[in-house]
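Chain by chain, the residues run as shown.
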2 protein chains.
Amino acid sequence: MEPVRHSQTLDRVFHALADASRRGMVDRLAGGPASVTELARPLAMALPSVLKHLAVLEGAGIVLSEKAGRVRTYRMAPQALGAIEAWVAERKARLNRDFDRLEQYLAEQAGQPAAAKERP
Amino acid sequence: MEPVRHSQTLDRVFHALADASRRGMVDRLAGGPASVTELARPLAMALPSVLKHLAVLEGAGIVLSEKAGRVRTYRMAPQALGAIEAWVAERKARLNRDFDRLEQYLAEQAGQPAAAKERP
């Protein structure tokens, strides 16, 4: 079971990235900070929609913003994608252990040492 | 820009994982295949809801199922989490390059060689 707070974080992060426009903004910001205007420019989208998407990303802790005068600048949060990366890595490690066990079982059935096989 | 088909895949995968019950099922299946009954047992959830969640995971290509007699067994799909892993890794690599550039810039401003600094 996931701790409740971590679970809510994962809900928000996965939800935030389940949208191509928001992933496009992350793509842009992964290359460096950008103002709202710069983020809006390539998108066929009204400014309020852009701001709404940015609010979803900020609420998920993926991006941060700060305002200097009239310009609000967004940037990736430190460890922005860390929660997802850790979650995926943990499941993948367990999956690989499971495949290794299956491989070993099959090798034993075939009378071959498991170590001689390579995983693609 | 993401190719449309890949974009839809990412939408589905991220959406599928934006739910703690579905992540719980992935957790269970990362340890090995399981029947619907086994998957439903730890959940305080009616069977139709369990099946609905499993259909979302299967639609996203995260799990596969096959039926033998009356028992439907689910297992993780090969490369189930590969799309997300690749997506995150690519953004993280770009972010790190961005941080490296910033670090180098700051080091140059301070008159120190960038190589002497360590990223935490």
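Counting starts from 1 at the beginning of each chain's written sequence and moves along it residue by residue. For naming, the first written chain is A and the first written ligand is 1, with later ones following in the order written. Two thresholds apply to this predicted model, a pLDDT of at least 70 for residue-level local features and 80 or more for giving and counting side-chain atom pairs, whereas whole-chain, interface and lining totals are computed over all residues. For the side-chain quantities, the full set of heavy atoms in the structure was used; hydrogens and water were omitted.

Going by the annotation in an unreviewed UniProt entry, the name recorded for chain A is Winged helix-turn-helix transcriptional regulator, with Plastoroseomonas hellenica given as the source organism.

Asks: Hey, could you run me through the environment of Leu-51 of chain A in this one?
Replies: In DSSP terms, a helix is any run of H or I states spanning at least four residues, a strand is any run of E spanning at least two, and both are numbered starting from the N terminus. By the element assignment, Leu-51 of chain A lies in helix H4 (residues 47–59). Taking C-alpha positions, Leu-51 of chain A is 25 Å from Ser-7 of chain A, a pair spaced 44 residues apart along the chain.

Asks: I would appreciate a short explanation of the confidence of the model for chain A in the present structure.
Replies: Low-pLDDT stretches of the model should not have their predicted coordinates read in fine detail. This prediction gives chain A a mean pLDDT of 88; 91% of its residues lie at or above 70. In the predicted complex, the global pTM is 0.82; the interface-specific ipTM is 0.81. The predictor rates its confidence in each residue with pLDDT, a number between 0 and 100.

Asks: I'm lost on the packing of aromatic side chains in this one. Help?
Replies: All names here are of chain A. Classification of ring pairs rests on two measures: the distance between centres of Phe, Tyr or Trp rings, Trp counted by its six-membered ring, which must be within 6.5 Å, and the angle between planes, read as stacked under 30 degrees, edge-to-face over 60 and tilted in between. Going through the model one piece at a time under the given rule, you end up with three aromatic pairs over all chains. Aromatic side chains Phe-14 and Trp-87 sit 5.6 Å apart centroid to centroid with 80 degrees between the ring planes, which places their arrangement in the edge-to-face category. Placement of the pair is Phe-14 in helix H1 (residues 4–17) and Trp-87 in helix H5 (residues 82–110), with a sequence separation of 73 residues. You can call Phe-14 buried: its relative accessible area is 0%. For Trp-87, a relative accessible area of 3% corresponds to the buried category. Three exposure classes are used, based on accessible area relative to the maximum for each residue type with a 1.4 Å probe and protein chains only: buried under 20%, partly exposed in between, and exposed over 50%.

Asks: Can you help me understand the relation of the copies chain B and chain A in this one?
Replies: A rotation about some axis, followed by a shift along it, carries one copy of the chain onto the other. Least squares is used to superpose the copies, and the fit set is the C-alpha atoms of residues whose pLDDT is at least 70 in both copies. Rotating chain B by 180 degrees and moving it 0.0 Å along the rotation axis overlays it on chain A with an RMSD of 0.0 Å. Seen this way, the second copy is the image of the first under a two-fold rotation axis. Using C-alpha coordinates, one finds that chain B approaches the rotation axis most closely at Phe-14 of chain B, a distance of 2.5 Å. Contacts are assigned to residue pairs that have any heavy atoms within 4.5 Å of one another. A symmetric contact is evident, with 100% of the interface residues of chain B recurring at the interface of chain A.

Asks: Would you mind going over the interface of chain B and chain A with me for this structure?
Replies: How big an interface is tends to be stated in terms of the accessible area lost upon association of its parts. Listed per partner, the contact involves 29 residues of chain B and 29 residues of chain A. Think of a salt bridge as a Lys or Arg side-chain nitrogen and an Asp or Glu carboxyl oxygen that are within 4 Å of each other. On the surface where chain B and chain A come into contact, there are eight salt bridges. Identification of polar contacts relies on pairs of N or O atoms within 3.5 Å, with a donor-acceptor requirement for protein atoms, meaning one able to donate a hydrogen and the other able to accept it, and with residues adjacent in sequence counted only if both atoms are side-chain atoms. Applying the counting rule to chain B against chain A returns ten residue pairs in polar contact (both at pLDDT 80 or more). Counting only elements with at least two residues in the side of chain B that touches chain A, the list comes to helix H1 (4–17), helix H2 (20–30) and helix H5 (82–109) of chain B. Ranked by the residues each element gives to the side of chain B that touches chain A, the list is headed by H5 of chain B, at ten residues. Side-chain classes are defined by residue name, with Ala, Val, Leu, Ile, Met, Phe, Trp, Tyr, Cys and Pro counting as nonpolar, Asp, Glu, Lys and Arg as charged, and the others, Gly among them, as polar. The class makeup of the residues in the side of chain B that touches chain A is 14 nonpolar, four polar and eleven charged.

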